Amino acid sequence: MTNDIRFYLSLVWRRLYFIIPIIVFCTLAGIYVAFMLPPVYKAQSRLVVESAQIPGDLASTTVQASVVEILQVIQQRVMARANLLELSQRFDVHDDQPNLTSDEIVWDMEERIELQLPFDTRNQAAFVTVSFAAPDAENSARVTNELVTQILQENVAMRTGVAAQTLDFFVQEVARLDGEMAEQNRKILEFKEAHKDALPDSLTYSRERQSSLQERILQLDRELSGLRDRRSRLVEVYERTGRSDLAGESLTPEQRRLRQLQDERASALVIYSSDHPRIRSLDGQIAALEAANIQLGLGTETAPNFTAFDLQVSDIDGQIDFIEAQKTDINTELELLAQSIEATPTNAIALGTLERDYDNLQLQYTQATASLAEARTGDQIEAQSRGQRITVTEHATVPTFPAEPSRKKVAAIGMAAGLALAGGLFVLLEILNSTVRRPVDISSRLGEPVFGTVPYMWTRREIAIRRSMIVAGLCLPIVGAVAALYLIHLYYLPLDLVIEKVAEKLGATYLLDRLNLG
């Protein structure tokens, strides 16, 4: 194992003539690239999402989106194509690249802007970091502050917009439900007007009225039966006696007075003659009373215009006709009541449907009114910025040192690349080299042990050539570096200024100042 290490170390030593130039070249190339890369400044600002100032159990906002969701929406709006193009134009970000297309500008702006959003805010504060990369430090700070302003404005606009939209929705919903309730009330009123005699509320009254009318019909039937019996008896008495009223109860006072005078005259004729003054006086009274009865249309007892029988029968017939008319009216009303009672269940179902729809609308209206009150409160909370909000904890300032590139890292990468390239070339040459250089190589190929070896004898000329190659490999990079520095000093910039710029870009100005002081 020790022999192998020594062998490979000797090989490395032999091939230093190409290993060192590769390492030196790559290192110088890394330093050159680190020197030539333009500086990139990144102004940074920090924001924090503050919780609502009013407790949610007292008054809650109508914006229920999570912090992460709100920030993601804001990010998409800020990173919109139109906004990126407007930022580039307003702050002259790409004035030094007039040939860039819109797509290239948008892509470059997306690469320059960095928005670090929180992924989980359940048990910790939500911080947002905003930065913008630019070759000019002041421009980087200006664009970063503008991005912060846009984020704050988008947050306020989104929250107030959502609250306003919610408020408008519930205002329209309450108005719509109010109109539907009015329309439903109109339908219920029209239905009740059209079926006022067959509504569920009047069913008890209708049944009681029906029972009362039926009892009234029975009573009228009894009265009608009595009148008809009375009429038949009256007709029977008249047909047997020729008088309907033997006692004179049905006569008028005039007829009764006339009968009385006639009875007195008949009695007086038994005592006096027809020429007696008493008889003549009675005749005069009887004649005057008969004339008065005839003038009144009553006639006399012996020749009346209407007989007592006719008057009584006419009166009974009038009562019978009146009762019959009453029965007809009552039967008509009973038919209507029967129809009303029969139609009441159907009307009750239809009216119940209308009233149930109205109750549903009333419930929705109550809920919408309560939601409208909450929406008004939420709108005021957002309008006064009392809800969840984003505030700036650290404004972007003009950076003093560039954030990119890390020139030390670039130079170190160049050196590492040189080492890797030299190592790779060394390994490749070893893989491709199939010559026998050690006794182990003979034993591994022939399978026989080696009893002795004779080393290769270098001539003086070969040794001189080999040493010259090694010296040339070591000196050429140095000479090239010196020549490059001379040309830079002669045609580009004096070396002292170059050293100052290199130290500034590598962040080693403090070390350079210490060396100068020393």
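All of these numbers come straight from a predicted model, not from anything done at the bench.

Engineer: When you look at the overall build of the chain in this model, what are you seeing that I'm missing?
Structural biologist: Across its full length, the chain holds 15 helices and 4 strands. Within the chain, buried positions represent 29% of all 518 residues. The long-range share in the chain, meaning contacts at least 24 apart out of those at least 6 apart in sequence, stands at 77%. About 33800 Å² of surface is accessible on the chain, with carbon and sulfur atoms providing 57% of the total.

Engineer: Would you mind showing me how to read the sheet that holds strand β2 (residues 113–116) here?
Structural biologist: Pairing within the open sheet is antiparallel, and its 4 strands lie in the order β2-β3-β1-β4. Strand pairing shows two members of the sheet lacking a second neighbour, β2 and β4 (389–394), which therefore form its edges. For this sheet the average axis-to-axis angle between neighbouring strands, irrespective of direction, equals 25°.

Engineer: Just checking my understanding: could you explain helix α5 (residues 102–112) for this structure?
Structural biologist: Each α-helix turn comprises 3.6 residues. Residues three or four places apart therefore point the same way. All buried positions along α5 are accounted for by I105, V106, D108, M109 and R112. Angular distribution of buried residues about the axis of α5 spans 165°; they occupy a single face of the element. Facing away from the buried side of α5 by over 90 degrees, the exposed positions are D103, W107 and E111. In the core, the buried residues of α5 are packed alongside α4 (81–90), β2 and β3 (126–134).

Engineer: I keep staring at a nonpolar patch on the surface and nothing clicks. Help me out?
Structural biologist: Together, L425, V427, L428, L429, I431 and L432 make up a nonpolar patch on the protein surface, roughly 540 Å² of accessible area in all. By the element assignment, L432 lies in helix α11 (residues 407–432).

Criteria and cut-off values
- Residues numbered from 1 in each chain as written.
- Predicted model: local features only at pLDDT ≥ 70, side-chain atom pairs only at ≥ 80, totals over all residues.
- Heavy atoms only, no water.
- Helix = DSSP H or I, 4+ residues; strand = E, 2+ residues; numbered from the N terminus.
- Buried < 20%, exposed > 50% of the residue type's maximum accessible area, 1.4 Å probe, protein only.
- Contact = heavy atoms within 4.5 Å.
- Areas by Shrake-Rupley, 256 points an atom, 1.4 Å probe, with all protein chains shown as cover.
- Pairing = 2+ DSSP bridges.
- Axes fitted to C-alpha atoms, helices over the stretch in contact; angles between N-to-C directions.
- Arc of directions from axis to C-beta.
- Patch = residues over 30% accessible without salt bridge, like charges linked within 9 Å, V, L, I, M, F, W, Y side chains within 5 Å.
- Salt bridge = Lys/Arg side-chain N within 4 Å of Asp/Glu carboxyl O.

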